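Each chain, letter by letter, is given below.
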Amino acid sequence: MAATATVPRTASAPARRKGFDWAALRTYISAAVILIWCLAPFYWMVVTAFRDVGYTFDPTFFFTHVTFDNFKTVFDTSLGNHFAQNLLNSFIVAGVTTVVALVVGVFAAYALARLNFRFKFAVMGFILGASMFPGVALVTPLFQLFTNIGWMGTYQALIIPDISFTLPLTVYTLTSFFREMPWELEESARIDGCTQGQAFRKVILPLAAPATFTTAILAFIGAWNEFLIASQLSSDATKTVTVAIASFAGSQPHVEPYTAVMAAGTIVTIPLVILVLVFQRKIVAGLTAGAVK
């Protein structure tokens, strides 16, 4: 009787210990460096905004000698500052610029992405080429033009140039989004009896809401932060916050009001921070929209 060989059972090998995740560590370190790099100037601006004037150049990195007098100085009209009016002017200019650029940009981007017509690529190239002109090269022609037609110091003298700066960005961003949308969506709406305009209004436009929100916020921030054109074409009645901060007057004569300027910068930044926080989900959705079909 032949003996059968038995194969000895081997104990299961112990689970291999996972090594340290160096890739994750590098990611966290890189994110922390970028975060500190971006937020450090804003943090120092806030610290200086709450610091007493006598300790303006105190190198302490934390809040010391805290006071709210700088914010009172910002809105003190007796010093020649009209910051509340300047804020209103910036809201008007940036708001109208964003609305006009968005309305025109949505239709223009849809036409460039979904319709076939002659010279379509030439039109797109012209739109992108218009955004390449440096703002400093446009100041003198715009100054002469608006002086001749009596627009100097008016809102339209600030809004129209801002539209020319934000519209190319709006068209380019939305064109890329509309181009990635499946044609089947529009074709299905047309089969169901919609006209091309109805398909755009009822199907395409609601789906484009995330990208539209993102583009609107970018356009608003661009118009809100514009300085060069506003510094040359505005008047005391239409001066925006960026121009007002550059010519700020403090409580002490012949002394640059650094703390008051930082307080004004903090106030100007708050609307942008609130805007981004409120529409954070829309911004993320808009930035990733069209990435996956």
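Residues numbered from 1 in each chain as written. Predicted model: local features only at pLDDT ≥ 70, side-chain atom pairs only at ≥ 80, totals over all residues. Heavy atoms only, no water.

Quick notes on the overall build of the protein
The test is simple: Starting at the N terminus, helices and strands are each numbered in turn, a helix being any DSSP run of H or I of at least four residues and a strand any DSSP run of E of at least two. Accessibility here uses a 1.4 Å probe with only protein chains present; expressed as a share of the type maximum, an area under 20% marks a residue as buried, one over 50% as exposed, and anything in between as partly exposed. By definition in these notes, contact holds between two residues if any of their heavy atoms fall within 4.5 Å. What sets the accessible areas is the Shrake-Rupley method with a 1.4 Å probe; for residues, cover comes only from the shown protein chains.
Secondary structure summary: the protein contains 13 helices and zero strands in total. Going residue by residue from the N terminus, the α and β elements of the protein occur as α-α-α-α-α-α-α-α-α-α-α-α-α. Counting all 293 residues of the protein, 35% fall into the buried class. Restricting to contacts in the protein with at least 6 residues of sequence separation, those with at least 24 account for 69%. Accessible surface computed for the protein: about 18400 Å², of which carbon and sulfur atoms make up 69%.

Some words on the packing of aromatic side chains
Describing an aromatic ring pair means giving the distance of the ring centres and the angle of the ring planes. The test is simple: Ring pairs are drawn from Phe, Tyr and Trp, using the six-membered ring of Trp, whenever the two centres fall within 6.5 Å, and their geometry is named by plane angle: stacked under 30 degrees, edge-to-face over 60, tilted for the rest.
Here the structure, examined in full by the defined rule, presents 16 aromatic pairs. An aromatic cluster of three or more residues is present, and its members are Y43, W44, F50, F61, F62, F63, F68 and F71.

Section: the nonpolar core
The following threshold applies: Buried residues of nine kinds, namely Ala, Val, Leu, Ile, Met, Phe, Trp, Tyr and Cys, make up a nonpolar core once their side-chain atoms join them within 4.5 Å.
If you look at the biggest cluster of nonpolar residues, it comprises 21 residues, and the most contacted ones within it are V74, F83, W224 and F248. If you list the elements that add at least two residues to this core, you get α1 (22-49), α2 (69-74), α3 (83-114), α9 (209-225), α11 (241-246) and α12 (258-278). Per-element tally for this core: the top contributor is α12, with seven residues. In contact with W224, other than residues within four places in its own chain, are L87, S90, F91, A94, V241, T242, V268, P271 and L272. A109, A113, A208 and A211 belong to the second largest nonpolar core, which has 14 residues in total.

Things to note about unusual backbone geometry
The backbone phi angle of H65 is positive, close to 50°, even though this residue is not glycine. Note on placement: H65 falls in the loop between α1 and α2. Of the residues examined, H65 reaches a relative accessible area of 37% and is grouped as partly exposed. Here the phi dihedral of F119 falls at roughly 65°; this positive angle occurs in a residue that is not glycine.

Description of the pattern of salt bridges
Note the cut-off: Between Lys or Arg on one side and Asp or Glu on the other, a salt bridge is scored when a side-chain nitrogen of the former is within 4 Å of a carboxyl oxygen of the latter.
Enumeration over the complete set of coordinates arrives at one salt bridge. The shortest N-O distance in the salt bridge between D236 and K239 comes to 3.7 Å. What makes D236 exposed here is its relative accessible area of 64%.

As for a nonpolar patch on the surface
To keep it simple, the criterion reads: Two joining distances apply to patches: 9 Å for like charges and 5 Å for nonpolar side chains (Val, Leu, Ile, Met, Phe, Trp, Tyr), and every residue must have over 30% relative accessible area and no salt bridge.
Taken together, V96, V99, V100, V103, V104 and F107 make up a surface patch of nonpolar side chains, about 480 Å² in accessible area. Inspection of the secondary structure assignment puts V104 in helix α3.

Focus on the environment of A157
Take A157: it is sitting in helix α6 (residues 155-180). Look past the residues within four positions of A157 in its chain and what remains in contact with it is F146, W151, I229 and L233.

Regarding helix α8 (residues 196-207)
Threshold: A helix is expected to reach a length of 1.5 Å times the quantity of its residues less one. Read the arc as the range of directions from the helix axis to the C-beta atoms.
The terminal C-alpha atoms of α8, which comprises twelve residues, lie 15 Å apart, in line with the 16 Å expected from a rise of 1.5 Å per residue. The complete set of buried residues in α8 reads A199, F200 and I204. Angular distribution of buried residues about the axis of α8 spans 95°; they occupy a single face of the element. Here the buried face of α8 lies against α3, α6 and α7 (183-191).

Structural notes on α1
To be explicit about the condition: Take the seven residues that end at a residue and the seven that start at it, fit an axis to each, and the angle between those axes is the bend at that residue.
Over its 28 residues, α1 runs 40 Å from end to end, which matches the ideal 40 Å to within 8%, given 1.5 Å per residue. At L39, α1 is deflected by roughly 40°, the largest bend along its length, and proline P41 occurs up to four residues later in sequence. Contacts from the buried residues of α1 go to α2 and α12.

Some words on the side chain of R51
Where we set the bar: His is not counted here, nor are the chain ends, while Lys and Arg score as positive and Asp and Glu score as negative. Polar contacts, as used here, are pairs of N or O atoms within 3.5 Å; protein pairs need one atom able to donate a hydrogen and one able to accept it. Residues neighboring in sequence count only if both atoms are side-chain atoms.
Structurally, R51 can be placed in the loop between α1 and α2. Buried R51, no salt bridge; nearest opposite-charge side chain is D58, N-O distance 4.9 Å. Only 3.0 Å separates the side chain of R51 from the backbone oxygen of T60, close enough to count as a polar contact. At a separation of 2.9 Å, a polar atom in the side chain of R51 contacts the main-chain carbonyl oxygen of F62.

Considering the environment of S247
Turning to its location among the elements, S247 is positioned in the loop between α11 and α12. For the pair S247 and N81, spaced 166 residues apart in the sequence, the C-alpha separation amounts to 8.9 Å. Reaching out from S247, the side chain makes a polar contact with the backbone oxygen of V243 at a distance of 3.3 Å.

Section: the confidence of the model for the protein
What counts here: Residue-level confidence of the predictor, termed pLDDT, takes values from 0 up to 100.
Of all residues in the protein, 86% have pLDDT values of 70 or greater, and the mean over the chain is 82. The least confident element of the protein is helix α13 (residues 280-288), whose mean pLDDT is 58; the most confident is α3, at 91.

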